[in-house]
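A look at the structure
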Amino acid sequence: MEQKEKQILASIIGSVLTLGAYSLYVYHKHIAANPAVIDDFKFWGKAFLILIPVGIAVQIVIHIIFAIVNKIATGEDIPTVDDERDKLIELKSIRISHWLFTLGFFLAMGSQALGMRPWVMFAVLLGSGFLASVIAEAARISFYRRGH
Amino acid sequence: MARCVITNEIRKLRFLAGEMTQQQLADRTEVTRQTVAAIENGKYYPSLELAFRIAQVFGLPLTEVFSFRLEE
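Summary of the structure given here. A quick note: this is a predicted structure, and the numbers were derived from the prediction, not measured.

**Focus on the interface of chain B and chain A**
In this assembly, 11 residues from chain B lie in contact with 14 residues from chain A. With both chains or domains summed, chain B and chain A bury close to 990 Å², and 47% of this area falls on carbon and sulfur atoms. It is B:Gln34, B:Lys43 and B:Tyr44 in chain B that bury the most area against chain A; as a group they hold 58% of the surface buried on that side. Taken together, the links from chain B to chain A amount to zero salt bridges. Counting every contact that joins chain B to chain A gives six residue pairs in polar contact (both at pLDDT 80 or more). The element best represented in the side of chain B that touches chain A is helix H3 (residues 33-40) of chain B, accounting for three residues.

**Side note on the packing of aromatic side chains**
All names here are of chain A. Following the criterion strictly, the structure yields six aromatic pairs over all chains and no others. Pairing Trp44 with Phe122 gives two aromatic rings, centres 5.3 Å apart and planes at 15 degrees, and the pair type is stacked. Within this pair, whereas Trp44 is found in helix H2 (residues 41-74), its partner Phe122 is found in helix H4 (residues 118-146), the two being separated by 78 residues in sequence. Summarising the burial analysis for this pair, Trp44 and Phe122 share the class buried. Ring plane angle 80 degrees and centroid distance 6.3 Å describe the contact between Phe105 and Phe106, whose orientation is recorded as edge-to-face. Of the residues examined, Phe105 reaches a relative accessible area of 38% and is grouped as partly exposed. Judged by relative accessible area, Phe106 falls into the exposed class, the value being 59%. In this structure, Lys92 packs its charged tip against the face of Phe143, placed 5.4 Å from the ring centre.

The rules behind the values
- Residues numbered from 1 in each chain as written.
- Chains lettered and ligands numbered in written order.
- Predicted model: local features only at pLDDT ≥ 70, side-chain atom pairs only at ≥ 80, totals over all residues.
- Heavy atoms only, no water.
- Contact = heavy atoms within 4.5 Å.
- Buried area = accessible area lost by both parts, 1.4 Å probe.
- Salt bridge = Lys/Arg side-chain N within 4 Å of Asp/Glu carboxyl O.
- Polar contact = N/O pair within 3.5 Å; in protein donor to acceptor, adjacent residues only side chain to side chain.
- Helix = DSSP H or I, 4+ residues; strand = E, 2+ residues; numbered from the N terminus.
- Phe/Tyr/Trp six-rings, centres within 6.5 Å; stacked < 30°, edge-to-face > 60°.
- Buried < 20%, exposed > 50% of the residue type's maximum accessible area, 1.4 Å probe, protein only.
- Lys NZ or Arg CZ within 6 Å of the ring centre and 35° of its normal.

Such coordinate-based values are descriptive only and should not be taken to indicate function.
Listed below in structure tokens is the structure:
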């Protein structure tokens, strides 16, 4: 497995763990105590606004830990510059991510058009954003593995 | 529609250049070693600019490093 693939895999695991842990935290701290809060726009606004910087911070920490562990295990430094192949693969994965999130956005708006409760829209937005990110990263691994 | 296949002689040329390593070629063409490996294995077709850079490292014209054919 290439260094980049391992790095992406670490990033995917980080994303899954972050969202999982954050969801559990939010559920136990807010929703379990007061289930009515689930349809409160203010609650969802805060939940999204906190999740974004937390997610970024976790990814930075994972990147640093990965660089240290990789240096100890293989003696190689992580490449600091992305070359043309890296950029091409990133563009392709971003395209996948955009399509998936767009699909999620339409589903979220559709849920409101069908008269569903507001939490459904937010849950679909959150879920599609997460899936778009994870699937795009998995696609990057696939592009590195099988070539393109 | 015919499929474009690009092959290369990079492995042989590295050997003839005193067993130049992938990392050395990568450093001289300003890409990662993984990209050199992917080009050698036919997993990635380089841009025209990178192809010229690689040919320049070996001091050869592009057509002696890369060849092109169409497959049905």
